[in-house]
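These are the residues of each chain, in order.
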Amino acid sequence: MTIVDPKTGRPDQADLDKAAGRPEDADQWTAKIRNRAVEALPPQKLLPDRQPAYVASWIYVFGVTTIAALIVVIGTGFVLALFGPNWWHVSSTGLFVNSLHLWSVEIFMFAMVIHLWGKFFMAAWRGRRKATWITGIVSFLVSVGAAFTGYLSQQNFDSQWISTQAKDGINSTGAGAIFNVTNFGQMLMWHIVLLPLCIVAIVGIHVLMVRLRGVVTPFPAKGETPGGEAAAVATSGAEVQA
Amino acid sequence: MPSVALMLGTLFGSLINLNHPGNYIHWGFIQMSYGNLIVIILMVVVFLAAILIPFKSHKGGER
């Protein structure tokens, strides 16, 4: 099974029909969704071995650094949830995992901001990449909320101070009755259930959009016609190993 | 025998004493802790370094 036609770079129709199973099943919604998914993101495009040559710059490293940090954040969060506040405040292992959780969040936010700056100055919404840009911005905003509710869930004097300070701010927006920052149970649920689910979902869509539309090409150099060398590199297949 | 964590804590604690209320800069209506200011400066430095430092690719610069 070829999956992708080397000439067109698109899945072969015969293969799509084959993937759909029996011919009489081709009209079923399951077959239609599967066909559309394979057509939009064939395996080689979903997890490529090579990247365009212009990706060989340190500024392109910060997106994957953010995701790596997110994996550590979620992993350490799982461990903290398993054992609870008494463990993470008292035992040395608990303190260590708590610190890992905090510092991986620091790296997550740090790398995400540099990623955001890099993409902003590249105008990364060019070339039908608006959805990629918007999902990135939304994931940043949701991450701020997740970090905030994390500070409120520490169960220490710091979280008390932050929550009482934030209460006035949230009250002034009129949302204080629904989103009560001094309600520990509510903040903990937002922090460990709702917001992580949102972040993982939005980041997942963001990465799929990057795979679908590709990494944004750099601006043309001075004196170069727009869509000149950069566009040629993007389409000629000049690539480096990922 | 003190643990490694305790030794590291003592070492860094002697370099950066965090056992006091935070220090803040006041610039007009802007108020910011030195900790946050340092992080922002570090982000700018890393951002500029990421743009300026050449990236060595697997193929030795195949373009």
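For every chain, the first residue of the written sequence is number 1, and numbering continues from 1 onward in sequence order. Whichever chain is written first is A, and whichever ligand is written first is 1; the rest continue in order. Totals for whole chains, interfaces and linings use every residue, but because this is a predicted model, local features are given only for residues with pLDDT of at least 70 and side-chain atom pairs only at 80 or more, for both listing and counting.

**Examining the overall build of chain B**
Inference 1: Each helix corresponds to a stretch of at least 4 residues labelled H or I by DSSP, and each strand to a stretch of at least 2 residues labelled E; elements are numbered beginning at the N terminus. Summing up its helical and strand segments, chain B has 2 helices and 2 strands in all.
Inference 2: Across chain B, helices and strands are ordered from the amino to the carboxyl terminus as α-β-β-α.
Inference 3: To assign burial, the other C-beta atoms lying within 10 Å of each residue's own C-beta are counted, with C-beta atoms placed from the backbone; 20 or more indicates buried, 12 or fewer indicates exposed, and intermediate counts indicate partly exposed. Taking all 63 residues of chain B together, 0% fall into the buried category.

**Description of the overall build of chain A**
Inference 1: Scanning chain A from terminus to terminus reveals 10 helices and 2 strands.
Inference 2: When the elements of chain A are put in sequence order from the N terminus, they spell out α-α-α-β-α-α-α-α-α-α-α-β.

**Comments concerning the environment of A26 of chain A**
Inference 1: Here A26 of chain A lies in the loop between helix 1 (13-19) and helix 2 (29-40).
Inference 2: For A26 of chain A and Q51 of chain A, which are 25 residues apart along the polypeptide, the C-alpha to C-alpha distance reads 34 Å.

**A look at the nonpolar core**
Residues and elements named next belong to chain A.
Inference 1: Connectivity within a nonpolar core runs through C-beta atoms within 7 Å, and the core itself is a set of buried Ala, Val, Leu, Ile, Met, Phe, Trp, Tyr and Cys residues. Counting residues in hydrophobic clusters, the biggest one holds 23 residues, and the most contacted among them are A69, L70, V73, F108, A111 and I199.
Inference 2: Put simply, the parts of the chain that give this core at least two residues each are helix 4 (62-83), helix 6 (92-121), helix 7 (130-152) and helix 9 (184-213).
Inference 3: The element contributing the most residues to this core is helix 9, with 6 residues.
Inference 4: By the criterion used throughout, residues are in contact when their C-beta atoms, derived from the backbone, lie within 7 Å. The residues contacting F108, other than those within four sequence positions of it, are T66, A69, L70 and V73.

**With respect to the pairing of strand 2 (residues 30-33) of chain B**
All names here are of chain B.
Inference 1: Note on pairing: DSSP must find at least two bridges between two strands before they are called paired. Pairing of strand 1 (residues 24-27) with strand 2, which is carried by 4 bridges, proceeds in the antiparallel orientation. Note on strand 2: the bridge partner recorded for Y24 is S33.
Inference 2: Counted between consecutive antiparallel strands, the loop separating strand 1 from strand 2 contains 2 residues, among which G28 sits at a positive phi close to 60 degrees.

**Remarks on unusual backbone geometry**
Residues and elements named next belong to chain A.
Inference 1: The backbone of A123 sits at a positive phi, close to 50 degrees, despite the residue not being glycine.
Inference 2: Within the fold, A123 resides in the loop between helix 6 and helix 7.
Inference 3: Residue R128 is not a glycine yet carries a positive backbone phi of 60 degrees.
Inference 4: Mapping R128 onto the fold places it in the loop between helix 6 and helix 7.

**Looking at the confidence of the model for chain B**
Residue and element names in this part refer to chain B.
Inference 1: For chain B, the average pLDDT comes to 81, and 84% of its residues sit at 70 or higher.
Inference 2: Note: pLDDT gives the predictor's confidence per residue, expressed from 0 to 100. Per-residue pLDDT, averaged within each element of chain B, yields its smallest value for helix 1 (residues 4-15) (73) and its largest for helix 2 (residues 34-52) (95).
Inference 3: Confidence metrics for the complex model read pTM 0.80 and ipTM 0.77.

**Quick notes on the packing of helix 6 of chain A against helix 2 of chain B**
The axes of two packed helices give the description: the angle between them and the distance between them.
Inference 1: All axes are obtained by fitting lines to C-alpha atoms, using only the stretch in contact for helices, and the reported angles, taken between N-to-C directions, cover 0 to 180 degrees. Two numbers describe how helix 6 of chain A lies on helix 2 of chain B: the axes approach to 10 Å, and their chain directions differ by 50 degrees. Here helix 6 of chain A is positioned oblique relative to helix 2 of chain B, judged by the angle of their axes. Like other packed secondary-structure pairs, helix 6 of chain A and helix 2 of chain B cross with a definite hand, here right-handed. Every residue of helix 2 of chain B that contacts helix 6 of chain A at F110, V113, I114 and W117 of chain A is listed here: M43, V46, F47 and A50 of chain B.
Inference 2: Nonpolar residues are Ala, Val, Leu, Ile, Met, Phe, Trp, Tyr, Cys and Pro. Charged residues are Asp, Glu, Lys and Arg, and all others, Gly as well, are polar. Residues belonging to the contact of helix 6 of chain A with helix 2 of chain B are distributed by class as follows: 8 nonpolar, no polar and no charged. Roughly parallel means an angle under 35 degrees; roughly antiparallel means over 145; roughly perpendicular covers 65 to 115; every other angle is labelled oblique. Crossing handedness is defined as follows: a turn of the near helix away from the far one that is anticlockwise and smaller than a right angle gives a left-handed crossing, while the clockwise case is right-handed.

**A few points about helix 2 of chain A**
Inference 1: Between its first and last C-alpha, helix 2 of chain A extends 16 Å over 12 residues, near the 16 Å set by a 1.5 Å rise per residue.
Inference 2: Along helix 2 of chain A, only 0 of the 12 residues are buried, which leaves the element largely exposed. For a helix, the expected span equals 1.5 Å multiplied by the number of residues minus one.

**Description of the packing of helix 4 of chain A against helix 9 of chain A**
Residue and element names in this part refer to chain A.
Inference 1: The contact between helix 4 and helix 9 brings their axes to 12 Å, and the two run at 155 degrees. When the axis of helix 4 is compared with that of helix 9, the two are roughly antiparallel. Helix 4 and helix 9 meet at a crossing whose hand is left-handed. Contacts from I67, L70, I74, G77 and A81 of helix 4 reach helix 9 at I192, P196 and V203.
Inference 2: Grouping the amino acids of the contact of helix 4 with helix 9 by side-chain chemistry returns 7 nonpolar, 1 polar and no charged.

**Here we look at helix 4 of chain A**
All names here are of chain A.
Inference 1: Here helix 4 contains 22 residues, and its C-alpha end-to-end distance of 32 Å stays within 8% of the 32 Å for a straight helix at 1.5 Å per residue.
Inference 2: Along helix 4, the residues classified as buried are F62, G63, T66, A69, L70, V73, T76 and G77. Down the axis of helix 4, the buried side of the element spans an arc of 150 degrees, and every buried residue falls inside it. For helix 4, the exposed residues lying more than 90 degrees away from the buried face are I71 and L82.
Inference 3: Looking at the packing, one finds that the buried side of helix 4 touches helix 6 and helix 9.
Inference 4: After helix 4 finishes, the residue G84 shows a positive phi value of roughly 85 degrees. Note that the arc is defined by the directions from the helix axis to the C-beta atoms.

**Some thoughts on the confidence of the model for chain A**
Low pLDDT means the predicted atomic positions in that stretch should not be read closely.
Residues and elements named next belong to chain A.
Inference 1: Scored by pLDDT, chain A comes out at a mean of 88, with 86% of its residues at no less than 70.
Inference 2: When pLDDT is averaged over each element of chain A, helix 4 comes out on top at 97 and helix 10 (residues 229-236) at the bottom at 46.
Inference 3: Taken as a whole, residues 229-238 scores under 50 in pLDDT and shows 15 contacts with residues more than four places along the chain or in a different chain.

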